[in-house]
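A closer look at the structure
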Amino acid sequence: MAELTEEDYDALDEEFTKNPPNIDPTRKGTGFFTQHKTLGRTITLDTLSADYLTAKAIATHKTPAQIVGELVRKELNAAM
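It should be emphasised that the depicted structure is a prediction, and the values quoted were computed from it without experimental measurement. Each chain has its residues counted from 1, running along the sequence as written. Totals for whole chains, interfaces and linings use every residue, but because this is a predicted model, local features are given only for residues with pLDDT of at least 70 and side-chain atom pairs only at 80 or more, for both listing and counting. No hydrogens and no water enter the side-chain calculation; it runs on all heavy atoms of the structure.

**A look at the overall build of the protein**
Defined as follows: Secondary structure follows DSSP: runs of H or I at least 4 residues long count as helices, runs of E at least 2 residues long count as strands, and numbering of each begins at the N terminus. Throughout, exposure labels follow a simple rule: accessible area from a 1.4 Å probe, protein chains only, divided by the maximum for the residue type, with under 20% read as buried, over 50% as exposed, and the rest as partly exposed. Per-residue accessibility takes into account occlusion by the displayed protein chains alone, with areas from the Shrake-Rupley method and a 1.4 Å probe.
Across its full length, the protein carries four helices and zero strands. Sequence-ordered secondary structure for the protein, helices as α and strands as β, is α-α-α-α. By residue count, 5% of the 80 residues in the protein fall in the buried class. For the protein, the accessible area works out to roughly 7800 Å², and carbon and sulfur atoms hold 60% of it.

In structure tokens form, the structure reads like this:
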């Protein structure tokens, strides 16, 4: 990646100063990152579970989230 010169920095600073981003403070939580942060919950796994998910994901060409989703759906169906 090319590094910016002082002139490039000055030009970018001037561009953003003259044209600030349009932000609507009444629309809290509607941005891309905010929505994905609320969707993506973090859980901690033991080593065996993490290794299993990684191996299964590689073997099936799926994401660990897809595998966990399938396992949860299977458990829910079995409970019904």
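Moving on from the coordinates now.
**Some points on the packing of helix 3 (residues 47–60) against helix 4 (residues 64–79)**
Condition: Note on geometry: axes are lines fitted to C-alpha atoms, helical ones only across the stretch in contact, with angles between N-to-C directions running from 0 to 180 degrees. We call two directions roughly parallel when the angle between them is under 35 degrees, roughly antiparallel when it is over 145, roughly perpendicular when it lies between 65 and 115, and oblique otherwise. Should any heavy atoms of two residues lie within 4.5 Å, those residues are considered in contact. Amino acids are sorted into nonpolar (Ala, Val, Leu, Ile, Met, Phe, Trp, Tyr, Cys and Pro), charged (Asp, Glu, Lys and Arg) and polar (every other residue, Gly among them).
Where helix 3 meets helix 4, the closest approach of the two axes is 9 Å, and the angle between their N-to-C directions is 105 degrees. In terms of axis orientation, helix 3 runs roughly perpendicular to helix 4. Across the interface between the two elements, Leu53, Lys56, Ala57 and Thr60 of helix 3 pack against Pro64, Ile67 and Val68 of helix 4. Residues belonging to the contact of helix 3 with helix 4 are distributed by class as follows: five nonpolar, one polar and one charged.

**Focus on helix 3**
Put simply, the test is: Expected helix span is computed as 1.5 Å times (number of residues minus one). Pairs of N or O atoms within 3.5 Å make up the polar contacts considered here, provided that, within protein, one atom can donate a hydrogen while the other can accept it, and that residues adjacent in sequence are counted only when both atoms are side-chain atoms.
With 14 residues, helix 3 ought to run about 20 Å at 1.5 Å a step, and its terminal C-alpha atoms sit 20 Å apart, in line with that. The opening residue of helix 3, the one whose side-chain oxygen lies 3.1 Å from the backbone nitrogen of Leu48, is Asp46. Downstream of helix 3 by a residue or two, His61 has a phi angle that is positive, lying close to 55 degrees.

**Some points on a nonpolar patch on the surface**
To keep things clear, this is the line we draw: Only residues above 30% relative accessible area that lack a salt bridge enter a patch, with like-charged residues linked at up to 9 Å and the nonpolar side chains Val, Leu, Ile, Met, Phe, Trp and Tyr linked at up to 5 Å. Salt bridge criterion: a side-chain nitrogen from Lys or Arg within 4 Å of a carboxyl oxygen from Asp or Glu.
Where nonpolar side chains cluster on the molecular surface, the patch consists of Leu4, Tyr9, Leu12 and Phe16 and spans about 410 Å² of accessible area. Considering the arrangement of structural elements, one finds Leu4 in the segment before helix 1 (6–18).

**What about the pattern of salt bridges?**
Applying the stated criterion across every chain yields a total of two salt bridges. Across the pair Lys18 and Glu14 runs a salt bridge whose closest N-O atoms are separated by 2.9 Å. Of this pair, Lys18 and Glu14 both sit in helix 1, four residues apart, roughly one helical turn. Looking at Lys18, the relative accessible area reads 60%, which means it is exposed. Among the ionic pairs, Glu70 bridges to Lys62, the shortest N-O distance being 2.6 Å. The class for Glu70 is partly exposed, based on a relative accessible area of 37%. Residue class for Lys62 comes out partly exposed when judged on its relative accessible area of 33%.

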